[in-house]
Amino acid sequence: MSLSNNNKEVVFVSGASGYIAQHIVHQLLETGKYKVIGSVRTQKKADLFKERFKDNKDLSFVIVPDISLLGSFDDCFNKIGHQIDYILHTASPFFFESKDVEKDLLIPAVNGTKSILEATVKYAPQVKKFVVTSSYAAVATFAMDSDSKNIITEKDWNPITWEEALSNGVDAYYASKKFAEKQCWDFLKEHSEEAKFKLTAICPVFVFGEQLFDEDIVPGHKLNTSCEFINALVHSTEKSPVDLTMFGGYISVQDVARGHLECLTNDNLDGKRLILSEARFTFQTIIDIIRKDFPELTNVSKGVPGSDKKRLADVATLDNHVSKELLGFKFKELGEIVDETVNQILRVERKEQN
Ligand code: NAP
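Residues numbered from 1 in each chain as written. Predicted model: local features only at pLDDT ≥ 70, side-chain atom pairs only at ≥ 80, totals over all residues. Heavy atoms only, no water.

**Things to note about the packing of aromatic side chains**
Right, so step 1: Inspection of the entire model under this criterion finds 17 aromatic pairs.
Right, so step 2: Ring centres 5.4 Å apart and planes at 85° place the aromatic pair F206 and F229 in the edge-to-face group. Taken together, the residues F206 in strand β8 (residues 206-208) and F229 in helix α8 (residues 225-234) connect sequence positions 23 residues apart.
Right, so step 3: For F206, a relative accessible area of 18% corresponds to the buried category.
Right, so step 4: Residue classification places F229 among the partly exposed residues on the basis of a relative accessible area of 23%. (Phe/Tyr/Trp six-rings, centres within 6.5 Å; stacked < 30°, edge-to-face > 60°. Helix = DSSP H or I, 4+ residues; strand = E, 2+ residues; numbered from the N terminus. Buried < 20%, exposed > 50% of the residue type's maximum accessible area, 1.4 Å probe, protein only.)

**Observations concerning the pattern of salt bridges**
Right, so step 1: Following the criterion strictly, the structure yields 22 salt bridges and no others.
Right, so step 2: When the shortest N-O distance is used, the salt bridge between D270 and K129 registers 2.8 Å. On the criterion of sequence distance, the pair formed by D270 in the loop between α9 (253-265) and β10 (273-276) and K129 in strand β5 (residues 129-133) is long-range, its members being 141 residues apart.
Right, so step 3: Relative accessible area serves as the criterion here: at 17%, D270 is assigned to the buried category.
Right, so step 4: By relative accessible area, which is 7% here, K129 ends up buried.
Right, so step 5: Residues R347 and D214 are paired through a salt bridge, measuring 2.8 Å at the closest nitrogen-oxygen approach. With a gap of 133 residues between them, R347 in helix α13 (residues 334-353) and D214 in the loop between β8 and α8 connect regions that are remote in the sequence.
Right, so step 6: For R347, a relative accessible area of 40% gives the class partly exposed.
Right, so step 7: The class for D214 is partly exposed, based on a relative accessible area of 21%. (Salt bridge = Lys/Arg side-chain N within 4 Å of Asp/Glu carboxyl O.)

**Structural notes on the UniProt feature "domain: 3-beta hydroxysteroid dehydrogenase/isomerase" (unreviewed entry) in the chain**
Right, so step 1: When the UniProt feature table is mapped onto this chain, "domain: 3-beta hydroxysteroid dehydrogenase/isomerase" (unreviewed entry) is found at residues 13-211.
Right, so step 2: When the span residues 13-211 is considered, its composition is 42% helix and 18% strand, and the gap between its end C-alpha atoms is 18 Å. (UniProt positions renumbered as here; feature names shortened; annotations may be inferred.)

**Some points on the sheet that holds strand β4 (residues 86-89)**
Right, so step 1: The strand order across the open sheet built from seven strands is β3-β2-β1-β4-β5-β7-β10, with neighbouring strands paired in parallel fashion. Each of the sheet's edge strands pairs with one partner strand only, and the pair in question is β3 (59-63) and β10. Adjacent strand axes in the sheet meet at a mean angle of 20°, parallel and antiparallel pairs treated alike.
Right, so step 2: Running over the sheet, helix α1 (residues 19-31) touches β1 (9-14), β2 (34-40), β3 and β4 and is turned about 160° from β2.
Right, so step 3: Against the sheet, helix α7 (residues 169-190) engages β5, β7 (198-204) and β10, with an angle of about 165° to β7. (Pairing = 2+ DSSP bridges. Axes fitted to C-alpha atoms, helices over the stretch in contact; angles between N-to-C directions. Contact = heavy atoms within 4.5 Å.)

**Some details on helix α10 (residues 283-293)**
Structurally, the α-helix is built with 3.6 residues per turn, so residues lying three or four positions apart point the same way.
Right, so step 1: For α10, the full list of buried residues reads F283, Q284, T285, I286, I287, I289 and I290.
Right, so step 2: Where α10 begins, one side-chain oxygen reaches toward the backbone nitrogen of Q284, 3.0 Å away; that side chain belongs to T282. (Polar contact = N/O pair within 3.5 Å; in protein donor to acceptor, adjacent residues only side chain to side chain.)

**Some points on α7**
Right, so step 1: Its 22 residues place the ends of α7 30 Å apart at the C-alpha level, agreeing with the 32 Å of an ideal helix rising 1.5 Å per residue.
Right, so step 2: The N-terminus of α7 is capped by N168, whose side-chain oxygen sits 3.0 Å from the backbone nitrogen of V170. (Expected span 1.5 Å × (residues − 1).)

**Points about the site of the ligand**
Right, so step 1: Taken together, 26 residues sit near the ligand, with I20, K45, Y173, K177 and V207 positioned nearest.
Right, so step 2: A distance of 2.6 Å separates an oxygen atom of the ligand from a polar side-chain atom of Y173.
Right, so step 3: Between the ligand and V207 there is a distance of 2.9 Å, counted from an oxygen atom to a backbone nitrogen or oxygen.
Right, so step 4: In the complex, 88% of the free accessible area of the ligand, which totals 880 Å², lies under the protein chains. (Near = heavy atom within 4 Å. Areas by Shrake-Rupley, 256 points an atom, 1.4 Å probe, with all protein chains shown as cover.)

**Quick look at the pairing of β3**
Right, so step 1: Where β2 meets β3, five bridges bridge the pair, whose relative direction is parallel. Residue pairing across strands places V40 opposite I63, the latter belonging to β3.
Right, so step 2: In this view, the connection linking β2 to its parallel neighbour β3 by way of helix α2 (residues 43-52) has right-handed handedness. (Right-handed = clockwise from strand over helix to strand, strands pointing away.)

**Quick look at the packing of α8 against α10**
Right, so step 1: Axis separation between α8 and α10 bottoms out at 10 Å; the angle between their running directions is 55°. The orientation of α8 with respect to α10, classified from their angle, is oblique. For α8 against α10, the interelement crossing comes out right-handed. Here F229, I230, L233 and V234 of α8 come into contact with α10, specifically with F283, I286, I287 and I290. (Parallel < 35°, antiparallel > 145°, perpendicular 65-115°, else oblique. Left-handed = near helix turned anticlockwise from the far one by under 90°.)

**Digging into the sheet that holds strand β11 (residues 279-282)**
Right, so step 1: Reading across the sheet, the three strands line up as β8-β9-β11 and stay open at both edges, with mixed pairing between neighbours. Each having just a single partner strand, β8 and β11 make up the two edges of the open sheet. Ignoring which end each strand starts from, the neighbouring axes of this sheet average 50° apart.
Right, so step 2: Bridge count between β8 and strand β9 (residues 247-252): three bridges; the pairing is parallel. Pairing of F208 across the sheet is with S252, part of β9.

Below is the structure:
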């Protein structure tokens, strides 16, 4: 046990202002078992989240302005590293639009991961577990996922090279996640003497579900990258271009957060790569749920109702039964996730109108 107050173990969460990380911080605090230190980019964000979490005495923040810079975690780990029992490394850029994908996506993901690993062995050698928020993007490309002959499991890696990744934002994001996660596994091998922590990689598919705080929904503005897919469909019309060929796996944000927490207490997850996915969806699946559950949204694009079945019959099999069994809890279904996401959007928009 480290020097934490009240005998509570200390969890460091990088990128604590992020969509997924806020749920992780919330769940950690709810247990009453942990003290949480989150990294955010600015003091303004630290103050905002202190306030949102109602000045919870078990929550504090450190400032890490830019994970692109090598050594970016040194200053804060030099100060608080000795307190940390667990690290959940979620910080990484998640967007697809950029004019310089190497600078905006690849370098921050890879340098950020290298920096936190190096700071861990240097200033926090007592850390027991390190969980990296990787992605299904590190596992399979859309092309691999589209080939109905493929069976994708936790053993797969996307084959995108650094050079190929430079051609567009989507490939760059996929590669950023692959190179960042690989670096963790390689680091453990190369530093087996100093790196004593157990590593788990969480690889979620598309993460949907409500924002932890209503304030993160600003009518007329985009949501975080994954939830924006649902937000865009809520605000679609018959004229909106909706790509009915696009598909993916889905998982709820609460289940992703819970998956991170499970890694702290379940030693069976040590050294594992976990794919967090409940099942597949297409935009049509989401449209059909919205139109059924929110009949008042009469403008929403109809698409071709029910056509998702045919589309999903012709894609790779995502076999993550090993991850599901290891985690041992049931993931939420899409209907419930879409309903909670849309309900929150509508609640905030109606409040704004009144
Ligand atoms: P998000 O809301 O955009 O969170 C990303 C976090 O990383 C934010 O706290 C952000 O800080 C921080 N960050 C990004 N670039 C940074 C930089 N250069 N320096 C310092 N901090 C930086 O996205 P999210 O959806 O919660 O994603 C969190 C993690 O889950 C990412 O690793 C992502 O790849 C992974 N993931 C997400 C999904 C999904 O569907 N949402 C699926 C699979 C994996 P600011 O808020 O200050 O920019």
